[in-house]
Protein chains: 2
Amino acid sequence: MTTATIPNVTLTTQANVYFDGKCVSHGYTLADGSKQSVGVILPATLTFTTGAAEVMEGVGGSCEYKLAGSDQWLKSGTGEKFSVPGNSSFDIRVTDAPYHYICSYA
Amino acid sequence: MTTATIPNVTLTTQANVYFDGKCVSHGYTLADGSKQSVGVILPATLTFTTGAAEVMEGVGGSCEYKLAGSDQWLKSGTGEKFSVPGNSSFDIRVTDAPYHYICSYA
């Protein structure tokens, strides 16, 4: 099951633009005060660092990711999730259609 | 006054990607059922067509726009709005920092 919509959020109107637009996201706050973002990654290979631990949920397209310290690229698609430890980093590679995601903080 | 956040919306998780990512937006539905989107335009000159009439509200950066049938570029910045008739088109030019906007349907 893919999360197509998220109800009852307070949406931040300014986008977050990373890597000259290869990744764009919009942040929002849920009713319980927790913060998430919805975003899209265009075809590219990017490296993100994490502060808090993150969970990436695919809602369109697919990607491959490689966690810090690993040399294995793993695939993650629509309806699938992957976790990234806090204070770490991960590489993400999108080759075909853009990868759309929800990023939440574990 | 710039609209920094919008409360109580149902957010569509998949982004809208236009012109290979030069424009990215996320759509949402307000409590009253009306639909809007928040988006960002990276440095580029783009042409959009409209179905319903639109109102563009700047929430970051600035742009210049030219309505169909006009040869005049007009500036619109943060906290400012411009209207585009329905079943028409407009050119939009972003040269410096990305232009962040809220698009609502009049």
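Thresholds applied
- The numbering scheme is per chain: residues are counted from 1 as the chain's sequence reads.
- Chain letters and ligand numbers both follow the written order, the letters beginning at A and the numbers at 1.
- Two thresholds apply to this predicted model, a pLDDT of at least 70 for residue-level local features and 80 or more for giving and counting side-chain atom pairs, whereas whole-chain, interface and lining totals are computed over all residues.
- For side-chain calculations, the full set of non-hydrogen atoms in the structure is used, while hydrogens and water are omitted.
- UniProt positions are given in the numbering used here, feature names are shortened, and annotations may be inferred rather than shown by experiment.
- Least-squares superposition aligns the copies on the C-alpha atoms of those residues with pLDDT at or above 70 in both.
- Residues count as neighbours in contact if any of their non-hydrogen atoms are within 4.5 Å of one another.
- A pair of aromatic rings is counted whenever rings of Phe, Tyr or Trp (Trp by its six-membered ring) have centres within 6.5 Å, and the orientation is called stacked for planes under 30 degrees apart, edge-to-face for over 60 and tilted otherwise.
- Relative accessible area decides the class of each residue, using a 1.4 Å probe on protein chains only: under 20% of the type maximum gives buried, over 50% gives exposed, and in between gives partly exposed.
- Charge-over-ring placement is defined geometrically: NZ (Lys) or CZ (Arg) within 6 Å of the ring centre, and within 35 degrees of the ring normal.
- Any two strands between which DSSP finds at least two bridges are classified as paired.
- Every helix listed is a DSSP run of H or I at least four residues long, and every strand listed is a run of E at least two residues long, numbered separately from the N terminus.
- Note on geometry: axes are lines fitted to C-alpha atoms, helical ones only across the stretch in contact, with angles between N-to-C directions running from 0 to 180 degrees.

By the naming in an unreviewed UniProt entry, chain A is Pyrimidine/purine nucleoside phosphorylase, taken from Ottowia flava. What UniProt records for chain A under Function (unreviewed entry) is the sentence "Catalyzes the phosphorolysis of diverse nucleosides, yielding D-ribose 1-phosphate and the respective free bases. Can use uridine, adenosine, guanosine, cytidine, thymidine, inosine and xanthosine as substrates. Also catalyzes the reverse reactions." Listed under Sequence similarities (unreviewed entry) in UniProt, the entry text for chain A is "Belongs to the nucleoside phosphorylase PpnP family."

(A) Spatial organisation of the relation of the copies chain A and chain B. Least-squares fitting of chain A to chain B yields an RMSD of 0.0 Å, with the superposition described by an axial translation of 0.0 Å and a rotation of 180°. Each copy turns onto its partner about a two-fold axis. Within chain A, the C-alpha atom positioned nearest to the axis of rotation is that of A:Asn8, 2.3 Å from it. Interface residue correspondence from chain A to chain B reaches 100%, placing this contact among same-surface, isologous pairings.

(B) Spotlight on the packing of aromatic side chains. The full count for this structure, using the stated rule, is twelve aromatic pairs over all chains. Here B:Phe82 and B:Phe90 contribute two aromatic rings whose centre-to-centre distance is 5.9 Å and whose plane-to-plane angle is 70°, an arrangement assigned as edge-to-face. An identical accessibility class is assigned to B:Phe82 and B:Phe90; each is buried. Among the aromatic residues, ring-to-ring pairing joins A:Tyr18, A:Phe19, A:Phe48, A:Tyr65, A:Phe82 and A:Phe90 into one connected group. One residue, A:Arg93, lies across the ring of A:Trp73, its end atom 3.9 Å from the ring centre.

(C) Quick peek at the sheet that holds strand E7 (residues 63–67) of chain B. Residues and elements named next belong to chain B. Strand order in the open sheet formed by four strands is E5-E10-E7-E8, and the pairing between neighbours is antiparallel. The open sheet is flanked by strand E5 (44–49) and strand E8 (74–76), the only strands paired with a single partner. Within this sheet the neighbouring strands show an average axis-to-axis angle of 30°, counted without direction. Alignment of E5 against strand E10 (residues 89–94), held across six bridges, turns out to be antiparallel. Bridged to Thr-49 within E10 is Ser-89.

(D) View of the sheet that holds strand E8 (residues 74–76) of chain A. Residues and elements named next belong to chain A. The strand order E5-E10-E7-E8 describes an open sheet built from four strands, whose pairing is antiparallel. Across the chains shown, the open sheet's two edge strands, defined by having one partner strand only, are strand E5 (44–49) and E8. The sheet shows a mean angle of 30° between the axes of neighbouring strands, taken without regard to direction.

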